[in-house]
Amino acid sequence: MRSKCHMKQKYVDLSILYLKYRNSYNTGFQKYQYYKSLIRYITDIEHNVLIRRLFDELLLTNLMEKKYIHGSVRYRFNPYHKTDAIPIILNFD
């Protein structure tokens, strides 16, 4: 019988694989509800506490960014570690 920790890591890895396949980075910053629905779909787990624990594990992998937008917490899946910084281009014509 597999341990609970092993199964949790398997679900986390499966979630990361699916989010990369879906290219979820392009959806931008989303509320927790968006990722909760995706994790529920990916893992077929209905228990909200277990889904939250899986999401918290995703946060610990540093593949998720957390940002406050208009007083609400939003998250973005960012496995590429891209930044929002816009490069400054100087043109001396």
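The rules we used
- Residues numbered from 1 in each chain as written.
- Predicted model: local features only at pLDDT ≥ 70, side-chain atom pairs only at ≥ 80, totals over all residues.
- Heavy atoms only, no water.
- Helix = DSSP H or I, 4+ residues; strand = E, 2+ residues; numbered from the N terminus.
- Expected span 1.5 Å × (residues − 1).
- pLDDT = per-residue confidence, 0-100.
- Core = buried A, V, L, I, M, F, W, Y, C linked by side-chain atoms within 4.5 Å.
- Buried < 20%, exposed > 50% of the residue type's maximum accessible area, 1.4 Å probe, protein only.

Under the 1.5 Å per step criterion, the end-to-end length of helix 3 (residues 48-60) is 18 Å for 13 residues, consistent within 8% with the ideal 18 Å. Downstream of helix 3 by a residue or two, Asn 62 has a phi angle that is positive, lying close to 60°.

Attention now moves to the confidence of the model for the chain. Interpreting fine coordinate detail is not advised for predicted regions of low pLDDT. Looking at the chain as a whole, its pLDDT mean stands at 86, while 89% of the residues score no less than 70. Per-residue pLDDT, averaged within each element of the chain, yields its smallest value for helix 1 (residues 4-21) (87) and its largest for helix 2 (residues 32-43) (93).

Attention now goes to the nonpolar core. Core analysis: the biggest nonpolar cluster contains 17 residues, and Tyr 35, Phe 55, Leu 58, Met 64 and Phe 77 have the highest contact counts within it. Taken together, the elements giving at least two residues each to this core come down to helix 1, helix 2, helix 3 and strand 2 (72-77). For this core, the leading source of residues is helix 2, giving five residues.

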